[in-house]
Amino acid sequence: MHDAAPAHKRILLKLSGEALMGDDAFGINRATIVRMVEEVAEVVHLGVEVAVVIGGGNIFRGVAGGAVGMDRATADYMGMLATVMNSLALADAMHKQGLTARVMSAIAIDQVVEPYVRPKALQYLEEGKVVVFAAGTGNPFFTTDTAAALRGAEVGAELVLKATKVDGVYSADPKKDPSATRYSSLSFDEAISQNLGIMDATAFALCRDQKLPIKVFSIFKPGALKRVVLGKDEGTLVHV
């Protein structure tokens, strides 16, 4: 028997590309990705259906100097390709951990990964496979945060989990202000009026319109993902 029943049946986890770097300047840190996948495996074993959207900053940062002055759409497509590389690395680490993962790309690269097809994504989730959504929304000018909100809404996730370096949203910068307190929950309107910058405006508006709550938590805190899924007081919940 599990120690507790999960509070959520299906979640969408948003990871930044930077989260995969560990302490490296750019690229994918093997130990970091393995540890992250161990956290994901814990919640999959609880019977939770997990979809993942990952950014590309860790790879794109390595070429960002060359992107200065570049056409914005071109740079965005480069960023999408970076997310495909991260998605492949993530899926590979998941297979080594005994999970079954499927990468689905919003742009067609059929020899490498299958295209995103919503009914198939839903089928994989129902079968207990982890679905990794690559290439953002497939459109320039939209962030991977927006891709997380969009895919979360499309697959009927109950919660979008925004993994960050900080264990929630604080009243001030906890590094600079020792009196800063963590909000355990906030409404969308409060987050907007206080300009907390949790996600970009497009992603945030999409979640608010779809009444899709966002949980901000630290992926670097061991066991935090499991605590979120079990409905414990971890991170900050942003809700309607």
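Residues numbered from 1 in each chain as written. Predicted model: local features only at pLDDT ≥ 70, side-chain atom pairs only at ≥ 80, totals over all residues. Heavy atoms only, no water.

Enquirer: What should I look at first to understand the overall build of the protein in this one?
Expert: Of regular secondary structure, the protein possesses eight helices and 11 strands. Against the globule reference of 18 Å for 240 residues, the protein gives a C-alpha radius of gyration of 17 Å, in line with a compact fold. With respect to the principal axes defined by its C-alpha atoms, the protein has extents near 50 × 45 × 35 Å. Evaluated residue by residue, the protein yields a buried proportion of 50% over its 240 residues. A sequence separation of at least 24 residues applies to 73% of the contacts in the protein between residues at least 6 apart. The average position of the 25 basic charges and that of the 27 acidic charges among the side chains of the protein differ by 2 Å. (Helix = DSSP H or I, 4+ residues; strand = E, 2+ residues; numbered from the N terminus. Rg over C-alpha atoms; globule rule 2.2 N^0.38 Å. Buried < 20%, exposed > 50% of the residue type's maximum accessible area, 1.4 Å probe, protein only. Contact = heavy atoms within 4.5 Å. Lys, Arg positive; Asp, Glu negative; His and termini not counted. Charge placed at Lys NZ, Arg CZ, Asp CG, Glu CD.)

Enquirer: What is the right way to look at the pattern of salt bridges in this model?
Expert: It is possible for side chains of opposite charge to pair when their charged atoms get near one another. According to the stated counting rule, one finds 15 salt bridges in the structure shown. Arg 10 is paired through a salt bridge with Glu 49; the nearest N and O atoms lie 2.7 Å apart. With Arg 10 in strand 1 (residues 10-15) and Glu 49 in strand 2 (residues 49-54), this residue pair connects regions lying 39 residues apart in the sequence. Just as Arg 10 is buried, Glu 49 falls in that class too. For Glu 114, the salt bridge is made with Lys 120, and the minimal N-O distance between the two is 3.7 Å. Salt bridges sharing partners connect three or more residues here, namely Asp 167, Lys 221, Arg 227 and Glu 234. (Salt bridge = Lys/Arg side-chain N within 4 Å of Asp/Glu carboxyl O.)

Enquirer: Where do I start with the side chain of Asn 58 in this structure?
Expert: Checked against the element boundaries, Asn 58 lands in helix 2 (residues 57-67). Residue Asn 58 is classed as buried on the basis of its relative accessible area, which comes to 0%. A polar contact is formed between the side chain of Asn 58 and the side chain of Asn 86, at a distance of 2.7 Å. Those residues in contact with Asn 58, other than ones at most four positions away along the chain, are Gly 17, Glu 18, Leu 20, Met 21, Phe 26, Gly 27, Ile 28 and Asn 86. (Polar contact = N/O pair within 3.5 Å; in protein donor to acceptor, adjacent residues only side chain to side chain.)

Enquirer: Just checking my understanding: could you explain the UniProt feature "domain: Aspartate/glutamate/uridylate kinase" (unreviewed entry) in the protein for this structure?
Expert: Residues annotated in UniProt with the feature "domain: Aspartate/glutamate/uridylate kinase" (unreviewed entry) correspond here to residues 9-218. The span residues 9-218 is 41% helical and 20% strand by assignment, and the distance between its end C-alpha atoms comes to 20 Å. (UniProt positions renumbered as here; feature names shortened; annotations may be inferred.)

Enquirer: Looking at this model, I keep getting lost on the packing of aromatic side chains. Mind explaining?
Expert: Centre distance and the angle of the planes are the two values used to describe a pair of aromatic rings. Under the counting rule described, the total for this entry stands at two aromatic pairs. Between Tyr 116 and Phe 133 the ring centres are 5.4 Å apart and the planes differ by 85°, which places this aromatic pair in the edge-to-face class. You can see Tyr 116 sitting in the loop between strand 4 (114-115) and helix 4 (118-126) and its partner Phe 133 sitting in strand 5 (residues 130-134), a full 17 residues away along the chain. With a centroid separation of 5.1 Å and 70° between ring planes, the pair formed by Phe 188 and Phe 204 is classed as edge-to-face. (Phe/Tyr/Trp six-rings, centres within 6.5 Å; stacked < 30°, edge-to-face > 60°.)

Enquirer: What exactly am I supposed to notice about the nonpolar core here?
Expert: Across soluble globular proteins, nonpolar side chains have a tendency to be buried as a group. By size, the foremost hydrophobic cluster in this structure holds 43 residues, and its most contacted members are Leu 13, Leu 15, Val 50, Val 52, Leu 90, Met 94 and Phe 217. Put simply, the parts of the chain that give this core at least two residues each are strand 1, helix 1 (30-44), strand 2, helix 3 (72-96), strand 3 (101-105), strand 5, strand 6 (159-164) and helix 8 (224-229). Among the nonpolar cores identified, the runner-up in size contains 30 residues, and Leu 122, Ala 147, Val 169 and Leu 186 belong to it. (Core = buried A, V, L, I, M, F, W, Y, C linked by side-chain atoms within 4.5 Å.)

Enquirer: Would you mind showing me how to read the UniProt feature "binding site: ATP" (unreviewed entry) in the protein here?
Expert: Under the UniProt annotation, "binding site: ATP" (unreviewed entry) lies at Lys 14, Leu 15, Ser 16, Gly 17, Gly 57, Arg 61, Thr 164, Tyr 170 and Asp 173. For the residues just named, distributed over 160 residues, the greatest C-alpha separation reaches 27.1 Å, placing them at more than one site. Within this annotated set, the largest pocket is lined by Lys 14, Ser 16, Gly 17 and Gly 57. Relative to the helices and strands, Ser 16 resides in the loop between strand 1 and helix 1. Classification of Ser 16 as partly exposed rests on a relative accessible area of 23%. Sequence-distant contacts of Ser 16, that is, excluding residues within four places in its chain, are made with Ile 54 and Gly 55. (1 Å grid on protein atoms, 1.4 Å probe; cavity = no way out; pocket = protein on both sides within 12 Å on 5 of 7 lines; lining within 4 Å.)

Enquirer: Just to check I follow, could you spell out the sheet that holds strand 11 (residues 236-239) for this structure?
Expert: Each strand in a sheet pairs with another by means of backbone hydrogen bonds, the pair being arranged parallel or else antiparallel. Reading across the sheet, the nine strands line up as 4-3-5-2-1-6-10-11-9 and stay open at both edges, with mixed pairing between neighbours. Looking at the sheet topology across the chains shown, the edges are occupied by strand 4 and strand 9 (185-187). Direction of pairing for strand 9 relative to strand 11: parallel, over a ladder of three bridges. Bridging across to strand 11, Ser 185 finds its partner in Leu 237. Lying on the sheet, helix 5 (residues 144-154) is in contact with strand 1, strand 2, strand 5 and strand 6; it crosses strand 1 at an angle near 175°. (Pairing = 2+ DSSP bridges. Axes fitted to C-alpha atoms, helices over the stretch in contact; angles between N-to-C directions.)

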